[in-house]
Amino acid sequence: EAGVAQSPRYKIIEKRQSVAFWCNPISGHATLYWYQQILGQGPKLLIQFQNNGVVDDSQLPKDRFSAERLKGVDSTLKIQPAKLEDSAVYLCASSPIRRSAGRREAFFGQGTRLTVV
Amino acid sequence: DQQVKQNSPSLSVQEGRISILNCDYTNSMFDYFLWYKKYPAEGPTFLISISSIKDKNEDGRFTVFLNKSAKHLSLHIVPSQPGDSAVYFCAALAGGTSYGKLTFGQGTILTVHP
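Conventions and cut-offs
Residues numbered from 1 in each chain as written. Chains lettered and ligands numbered in written order. Predicted model: local features only at pLDDT ≥ 70, side-chain atom pairs only at ≥ 80, totals over all residues. Heavy atoms only, no water. Buried < 20%, exposed > 50% of the residue type's maximum accessible area, 1.4 Å probe, protein only. Helix = DSSP H or I, 4+ residues; strand = E, 2+ residues; numbered from the N terminus. Pairing = 2+ DSSP bridges. Axes fitted to C-alpha atoms, helices over the stretch in contact; angles between N-to-C directions. Contact = heavy atoms within 4.5 Å. Buried area = accessible area lost by both parts, 1.4 Å probe. Salt bridge = Lys/Arg side-chain N within 4 Å of Asp/Glu carboxyl O. Nonpolar A, V, L, I, M, F, W, Y, C, P; charged D, E, K, R; others polar. 1 Å grid on protein atoms, 1.4 Å probe; cavity = no way out; pocket = protein on both sides within 12 Å on 5 of 7 lines; lining within 4 Å. Points joined across faces, edges and corners; volume = space filled by probe spheres on them. Disulfide = S-S within 2.5 Å.

(A) Structural context of the pairing of strand 3 (residues 19-24) of chain A. Residue and element names in this part refer to chain A. Going residue by residue along strand 3, you find Val19, Phe21 and Cys23 tucked away on one face and Ala20, Trp22 and Asn24 left uncovered on the opposite face. Where strand 1 (residues 5-7) lies against strand 3, 3 bridges are found, and the strand directions are antiparallel. Its bridge partner lying in strand 3, Gln6 is registered against Cys23. Here strand 3 runs beside strand 8 (residues 75-79); their pairing, made up of 5 bridges, is antiparallel. Across the sheet, Trp22 pairs through a bridge with Thr76, a residue of strand 8.

(B) Up close: the sheet that holds strand 8 of chain A. Residues and elements named next belong to chain A. Spatially, 4 strands are ordered 1-3-8-7 in an open sheet, and the strand pairing comes out antiparallel. Either end of the sheet is taken by a strand with one partner, and the two such strands are strand 1 and strand 7 (65-68). Put simply, the sheet's adjacent strands are angled 15° from each other on average, direction ignored.

(C) Examining the interface of chain A and chain B more closely. Each partner contributes residues to the interface: chain A has 27 residues there, and chain B has 24 residues. In total, about 1,900 Å² of surface goes out of reach between chain A and chain B, with carbon and sulfur atoms giving 54% of it. Across the contact surface, chain A and chain B share 2 salt bridges. The residue Asp31 of chain B makes a salt bridge to Arg104 of chain A at a minimum N-O spacing of 3.4 Å. At the level of secondary structure, the elements contributing two or more residues to the side of chain A that touches chain B comprise strand 4 (31-37) and strand 5 (44-50) of chain A. Among the elements that line the side of chain A that touches chain B, the one with the most residues is strand 4 of chain A, at 4 residues. Its residues placed into classes, the side of chain A that touches chain B shows 10 nonpolar, 11 polar and 6 charged.

(D) Geometry of the layout of surface pockets. Volume-wise, the largest pocket comes out at about 480 Å³. In terms of lining, the largest pocket is formed by 23 residues, of which the most central are Gln37, Ile38, Leu39, Gly40 and Gln41 of chain A. Going through the elements one at a time, strand 9 (88-95) and strand 11 (112-116) of chain A together with strand 9 (86-94) of chain B are the ones with two or more residues in the lining of the largest pocket. Grouping the amino acids of the lining of the largest pocket by side-chain chemistry returns 13 nonpolar, 8 polar and 2 charged. In this structure, the second largest pocket encloses a volume near 340 Å³. Listed by contribution, the elements that provide at least two residues to the lining of the second largest pocket are strand 5 of chain A together with strand 10 (103-104) of chain B. For the lining of the second largest pocket, a count of residues per class yields 6 nonpolar, 8 polar and 3 charged.

(E) The arrangement of the state of the cysteines in detail. Applying the stated criterion across every chain, the model contains 2 disulfides over all chains. Through a disulfide, Cys23 of chain A is tied to Cys92 of chain A; the S-S separation comes to 1.9 Å. In this structure the cystine formed by Cys23 of chain A and Cys92 of chain A twists about its S-S bond by roughly -70°; its chirality is therefore left-handed. Residue Cys23 of chain A is located in strand 3, and its partner Cys92 of chain A is located in strand 9; the two are separated by 69 residues in the primary sequence. Each member of the pair Cys23 of chain A and Cys92 of chain A is classed as buried. Across a sulfur-sulfur distance of 2.1 Å, Cys23 of chain B and Cys90 of chain B are joined as a disulfide pair. With the S-S bond torsion at -75°, the cross-link from Cys23 of chain B to Cys90 of chain B turns out left-handed.

What follows is the structure, given as structure tokens:
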């Protein structure tokens, strides 16, 4: 089974520029997450999709961040304009819907390391 | 408000000995807990989990213990191996849904010396 695919792996941009990240979840996984991991901290949820609907975007800085999941499969996360404090690893994860008790882990991609200079 | 806390930023252990990583939480709605392992330049990978209806779950060298009254869980690795050197994240899920969001701790860097 193929894992969660993310691109690009690395990106360096200047502040005030825009950037976009792409994620393709594991086939059949209805739930997709975008997490931000700042160096020395744990991952923080930015947005969660259930199919192509948003479940939770309470911690997404909506003045500069946007995300979409067209057709309920792959997703893009955009930052416009970027700030220095956006430097972080952006992780995409996916999980299936489980109707019965059992393991409830999410599966992560390798992440995109963003450096804003 | 940090709902999941890993108070030890790092842990150093000799190969063959036991590694114990700790995690505390504050949200009583959490009902499922997970440990993830992360190597540099890779995404977190799932290691082991435990439901709040249990107090222990074991998988090979890895055992997770849950103390609900103390809102505390721990991961035991026995015996520790150099390949276990990584960042370990504790995470929690709330509400019994199958698509809840994971809330992570800050992570603990484990170093296992040969």
